[in-house]
Amino acid sequence: PYLLPRLARMETRPTFCPGWRVWKRALPFAQAGAYGNAPYLLPRLARMETRPTFCLGWRVWKRALRGEFVTEQERWLVAGLGNPGARYAHNRHNVGFQCVDLMAHTHGLTFDKRHGQARLAFGSIHERPVILLKSRTYMNDSGRAVAPVARFHKVPLDRLLVVYDDLDLPVGSVRIRAQGGSGGHGGMRSIIHHVGGQDFPRVRIGIGRPPGRMDPADFVLRDFDAHERALLAEVYAWVARAIECWLTDGIEIAMTRFNRVRSEE
């Protein structure tokens, strides 16, 4: 939102912008709708897979419009925790993955970039430049995926938010906190160790306690039943709204509006 108006005002060619003179002339028309339905031109350009005939420097602009050239100080990082691979896709341990997948789908982002042990989706959500992250490591090594991305993009801890499962909350509960310890969660323990602190926001999603004497390590690798899946679909949408609130209004307001605990049935 701030890149394009600046470009239109520039009098010298920026280093990252092939075809700058063409874009300088075209952008005011595109933003004003002079191409018919052109208000959707720029988002469509970011999703194109082949070079449009009108667009010089298309590959660079495709990346710029997706938010990959934002200055580091402006980035926000949302990390969803889980285990990679189809085998684990619907496990209780993977609710973090499910949430960031929903956010990516809602806002037209794709996990088409890699950085070390992480898969990334770049984009803008409510005018905030955002990176969504899914680890390519197993849960207990999540810090090896999250920390290098945060360091590379110079994301401060207060702009890192982690979404993960919590055995101690009933299914469907959501607990948002500005900081805290790992609570015994292996993925969070790894992140705290690798980023060098625990003063970052987090969203915990309740997955319930294991029945009887079942080992919690086995329970978190089980899928949700049909009733729980229906409930979780609504919970993921709730968490996505909470993350959007955090991006626009801050963690305190997100906590006030979106913390909730469901009673055990």
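As shown above, the structure is provided for reference.
Since the model is a prediction, treat every value here as computed from it, not as a measurement.

Quick notes on the rules
Residues numbered from 1 in each chain as written. Predicted model: local features only at pLDDT ≥ 70, side-chain atom pairs only at ≥ 80, totals over all residues. Heavy atoms only, no water. Helix = DSSP H or I, 4+ residues; strand = E, 2+ residues; numbered from the N terminus. Contact = heavy atoms within 4.5 Å. Polar contact = N/O pair within 3.5 Å; in protein donor to acceptor, adjacent residues only side chain to side chain. Pairing = 2+ DSSP bridges. Axes fitted to C-alpha atoms, helices over the stretch in contact; angles between N-to-C directions. Buried < 20%, exposed > 50% of the residue type's maximum accessible area, 1.4 Å probe, protein only. Parallel < 35°, antiparallel > 145°, perpendicular 65-115°, else oblique. Left-handed = near helix turned anticlockwise from the far one by under 90°. Nonpolar A, V, L, I, M, F, W, Y, C, P; charged D, E, K, R; others polar. Phe/Tyr/Trp six-rings, centres within 6.5 Å; stacked < 30°, edge-to-face > 60°.

Undergrad: Looking at this structure, I do not really get unusual backbone geometry. What am I missing?
TA: In most cases, non-glycine residues show a negative phi, while peptide bonds are predominantly trans. In the Ramachandran plot, Glu-127 falls in the positive-phi region, its phi being about 65° despite a non-glycine side chain. Mapped onto the elements of the fold, Glu-127 is located in the loop between β3 (118–125) and β4 (128–135). A positive phi angle, close to 55°, is found at Lys-154, a residue other than glycine. Relative to the elements of secondary structure, Lys-154 occurs in the loop between α6 (143–152) and β5 (160–166).

Undergrad: Got a minute to help me understand the environment of His-93 in this structure?
TA: Summarising the element assignment, His-93 is placed in the loop between β1 (76–80) and α5 (95–106). Once the C-alpha coordinates of His-93 and Asp-223 are considered, the two residues, 130 residues apart in sequence, prove to be 8.8 Å apart. Beyond its immediate stretch of four places on either side in the chain, His-93 contacts Leu-81, Gly-82, Asn-83, Met-139, Asp-165, His-185, Val-220 and Leu-221. A polar atom in the side chain of His-93 sits 2.9 Å from the side chain of Asp-165.

Undergrad: Explain the sheet that holds β5 to me, please; I cannot follow it from the model alone.
TA: Strands belonging to one sheet form pairs held by backbone hydrogen bonds; the direction of such a pair is parallel or antiparallel. In space, the 7 strands of this open sheet follow the order β2-β3-β4-β1-β5-β7-β6, with mixed pairing throughout. Strand pairing shows two members of the sheet lacking a second neighbour, β2 (113–115) and β6 (174–177), which therefore form its edges. Adjacent strand axes in the sheet meet at a mean angle of 25° when their direction is disregarded. Relative to β4, β1 runs parallel, the two being bridged by 5 bridges. Looking at the pairing, Leu-77 lines up with Ile-131 of β4.

Undergrad: Looking at this structure, how should I read the pairing of β4?
TA: Two faces make up the sheet, and in a regular strand the side chains alternate between them. The buried count for β4 comes to 7 of 8 residues, which makes it a mostly enclosed element. Across 8 bridges, β3 lies against β4 in antiparallel orientation. Among the inter-strand pairings, Ala-121 is bridged to a residue of β4, identified as Leu-132. Following β3, the chain reverses through 2 residues before pairing antiparallel with β4; His-126 in that reversal takes a positive phi of roughly 50°.

Undergrad: So what exactly am I meant to see when it comes to the packing of helix α9 (residues 226–249) against helix α10 (residues 251–258) here?
TA: Relative to each other, α9 and α10 sit at 150°, their axes nearing to 7 Å. The pairing of α9 with α10 is recorded here as roughly antiparallel in orientation. Crossing hand, α9 versus α10: right-handed. In this structure, α9 uses Trp-238, Arg-241, Ala-242, Cys-245, Trp-246 and Asp-249 to contact α10, whose residues at the interface are Ile-251, Ile-253, Ala-254, Arg-257 and Phe-258. When its residues are assigned to classes, the contact of α9 with α10 shows 8 nonpolar, no polar and 3 charged.

Undergrad: When you look at the packing of aromatic side chains in this model, what are you seeing that I'm missing?
TA: With the rule as written, the count across this model stands at 3 aromatic pairs. Measuring from centroid to centroid gives 5.2 Å for Trp-76 and Trp-246, while their planes differ by 85°, and the two rings are edge-to-face. On the criterion of sequence distance, the pair formed by Trp-76 in strand β1 and Trp-246 in helix α9 is long-range, its members being 170 residues apart. Residue Trp-76 is classed as buried on the basis of its relative accessible area, which comes to 9%. Since its relative accessible area comes to 3%, Trp-246 is described here as buried. Pairing Trp-238 with Phe-258 gives two aromatic rings, centres 5.1 Å apart and planes at 70°, and the pair type is edge-to-face. With a gap of 20 residues between them, Trp-238 in helix α9 and Phe-258 in helix α10 connect regions that are remote in the sequence.

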